[in-house]
Amino acid sequence: MELVIILAIGIVVGSIITRIIIRPLDFGTLRIDTSDPDGPFMFLELSKDVNTVASKKYVVLKVNLKNYISQK
């Protein structure tokens, strides 16, 4: 039982540390619109300056999958 508690505490602490490390790498949102019959369209919404993003080797984006055009 003690090992399960230690494992749970380790998972919680690890996830908190991961969030702290990844938070500064978050540069925006990748919005995916699948409502158009021509195919899915992707839009990039940056939360930082374009020059800042361009100077990085890799960035982290949140993905927002949503249908923006209503189907009638």
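Caption draft 1: Highlighting the overall build of the chain. Within the chain, the regular secondary structure consists of two helices and three strands. Secondary structure elements of the chain occur, N-terminal to C-terminal, as α-β-β-α-β. Scaling as 2.2 N^0.38, a compact globule of 72 residues should have a C-alpha radius of gyration of about 11 Å, whereas the chain reaches 18 Å, well beyond that. Dimensions along the principal axes, computed over C-alpha positions, put the chain at roughly 55 × 40 × 15 Å. Per-residue burial over the chain gives 12% buried out of 72 residues. A separation of at least 24 residues holds for 59% of the contacts in the chain among residues at least 6 apart in sequence. Entry remark: accessible area of the chain is about 6200 Å², with carbon and sulfur atoms responsible for 65%. Distance between charge centroids for the chain: 6 Å, based on 9 positive and 7 negative side chains.

Caption draft 2: Up close: the packing of aromatic side chains. All told, the structure shown has zero aromatic pairs when counted by the stated rule. Here Lys-48 stacks its cationic end above the ring of Phe-27, 5.0 Å away from the centre of that ring.

Caption draft 3: The sheet that holds strand E1 (residues 26-33), seen in detail. The three strands are arranged E2-E1-E3 in an open sheet whose pairing can be described as mixed. Looking at strand neighbours, the two that pair on one side only are strand E2 (41-46) and strand E3 (60-65), the edges of this open sheet. Adjacent strand axes in the sheet meet at a mean angle of 25° when their direction is disregarded. Both E1 and E2 contribute to a ladder of six bridges, which runs antiparallel. Note on E2: the bridge partner recorded for Thr-29 is Glu-45.

Caption draft 4: Quick peek at the side chain of Asp-33. With respect to the helices, strands and loops of the structure, Asp-33 is situated in strand E1. At 6.4 Å, Arg-31 is the nearest oppositely charged side chain to Asp-33, a buried residue that forms no salt bridge. Separated by 2.7 Å, the side chains of Asp-33 and Ser-35 make a polar contact.

Caption draft 5: A nonpolar patch on the surface, seen in detail. Taken together, Met-1, Val-4, Ile-5, Ile-9, Val-13, Ile-17, Ile-21 and Ile-22 make up a surface patch of nonpolar side chains, about 790 Å² in accessible area. The topology assignment puts Ile-17 in helix H1 (residues 2-22). On the basis of relative accessibility, which here comes to 45%, the residue Ile-17 falls in the partly exposed class.

Rules of the game
Residues numbered from 1 in each chain as written. Predicted model: local features only at pLDDT ≥ 70, side-chain atom pairs only at ≥ 80, totals over all residues. Heavy atoms only, no water. Helix = DSSP H or I, 4+ residues; strand = E, 2+ residues; numbered from the N terminus. Rg over C-alpha atoms; globule rule 2.2 N^0.38 Å. Buried < 20%, exposed > 50% of the residue type's maximum accessible area, 1.4 Å probe, protein only. Contact = heavy atoms within 4.5 Å. Areas by Shrake-Rupley, 256 points an atom, 1.4 Å probe, with all protein chains shown as cover. Lys, Arg positive; Asp, Glu negative; His and termini not counted. Charge placed at Lys NZ, Arg CZ, Asp CG, Glu CD. Phe/Tyr/Trp six-rings, centres within 6.5 Å; stacked < 30°, edge-to-face > 60°. Lys NZ or Arg CZ within 6 Å of the ring centre and 35° of its normal. Pairing = 2+ DSSP bridges. Axes fitted to C-alpha atoms, helices over the stretch in contact; angles between N-to-C directions. Salt bridge = Lys/Arg side-chain N within 4 Å of Asp/Glu carboxyl O. Polar contact = N/O pair within 3.5 Å; in protein donor to acceptor, adjacent residues only side chain to side chain. Patch = residues over 30% accessible without salt bridge, like charges linked within 9 Å, V, L, I, M, F, W, Y side chains within 5 Å.

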